[in-house]
Amino acid sequence: MVEMDKNKKSVIVLVGSRAEKNSNTGKLCVAFLDVLKKSAYSQGSLIQSEILYPSDWNIMPCRSCGTCFRKGFCPLDQKDGMAMLKNKIRKSDGIIFASPVYAAAVSGDMKILVDRLAGWLHTMPLIGKTAGVFSTADSNNGDAVTSYLNKMVGLMGASIVISQNVFIHFGTLLLKDDELLNSVLKEGAVKFWEGMGGKLEYNLEQEEYFHIQNLRFHKLLEIEQQYPGLSFGEKRIWEEQGYFKYNSLQEVIREKNI
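My aim in this report is to walk through the structure given alongside it, one point at a time.

Conventions adopted
Residues numbered from 1 in each chain as written. Predicted model: local features only at pLDDT ≥ 70, side-chain atom pairs only at ≥ 80, totals over all residues. Heavy atoms only, no water. Phe/Tyr/Trp six-rings, centres within 6.5 Å; stacked < 30°, edge-to-face > 60°. Helix = DSSP H or I, 4+ residues; strand = E, 2+ residues; numbered from the N terminus. Buried < 20%, exposed > 50% of the residue type's maximum accessible area, 1.4 Å probe, protein only. Salt bridge = Lys/Arg side-chain N within 4 Å of Asp/Glu carboxyl O. Pairing = 2+ DSSP bridges. Axes fitted to C-alpha atoms, helices over the stretch in contact; angles between N-to-C directions. Contact = heavy atoms within 4.5 Å.

**Things to note about the packing of aromatic side chains**
Enumeration according to the criterion identifies six aromatic pairs in this entry. Both rings, one in Phe210 and one in Trp238, keep their centres 5.2 Å apart while their planes meet at 35°; by these two values the pair is tilted. In this pair, Phe210 is assigned in helix H10 (residues 204-226) and Trp238 in helix H11 (residues 233-240), connecting sequence segments 28 residues apart. What makes Trp238 buried here is its relative accessible area of 0%.

**Focus: the pattern of salt bridges**
Applying the stated criterion across every chain yields a total of 14 salt bridges. In this structure, Asp77 and Arg116 form a salt bridge, with 2.9 Å as the shortest nitrogen-oxygen distance. In this pair, Asp77 is assigned in the loop between helix H4 (67-70) and helix H5 (82-91) and Arg116 in helix H6 (residues 108-116), connecting sequence segments 39 residues apart. Three or more residues are tied together by salt bridges with common partners; here these are Asp77, Asp80, Lys86 and Arg116.

**What to know about the sheet that holds strand E5 (residues 159-167)**
Backbone hydrogen bonds are what pair the strands of a sheet, in a parallel or an antiparallel way. An order of E2-E1-E3-E4-E5 is seen for the five strands of this open sheet, with the pairing classed as parallel. Only two strands of the sheet have a single neighbouring strand rather than two, namely strand E2 (47-52) and E5. The sheet shows a mean angle of 15° between the axes of neighbouring strands, direction not considered. Taken together, the eight bridges between strand E4 (residues 130-137) and E5 define a ladder with parallel strand orientation. Looking across to E5, one finds that Val133 is bridged to Ser163. Contacting strand E1 (9-15), E2 and strand E3 (94-100), H5 runs over the sheet at an angle of about 140° to E1.

Laid out in structure tokens, this is it:
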């Protein structure tokens, strides 16, 4: 049991559906976690998971004040559940973003969540985190949802190891015994577990984005040194995360031993 505790990993799942536990998206995530936990247990490890739905998020829409970009924090975080949510994400080893297709896009709740995480798109606090993206669709535009979430979660710094759209028939339960789906879940669970174990996958776009942001924050640092009265919140976060001393995303992963 001591060894099990040592190898315990935590996964937070964010499901953007008002149908919550009765949603096909929620059922898909439950099915994936079941496969993931069995895979981890077979290797002597444990997965601690939590699935959160919009009623658990309890967050307000972004009001476009720009404080997150200018000062490095959101003034709404202390007025709703966002501070709690961010803390859970930061403490997790793995994150899953899942949304049904609503009007050819992510659900309104998922969009509100991503909007409230906008500050993270510049500071990349999820570097070293393993992530998965799921969408469910009755007919089409599932790829549009996964593409959007891939971009947003990727720019936040997470390593996305599984991205999957699942087609369902409207009004019916997700078919848990579907051979193809089970194969996808099994393969994805293996990659997810390996990611949390250190086998992270980053693409060229993420590497280039880190480089661009690094140059940007070095420039802001120079400006602060020239004008002591100025203070850039995002630059402070980049500094606190220790990213200034790295020239590439791969250096962060290698030297931090993530």
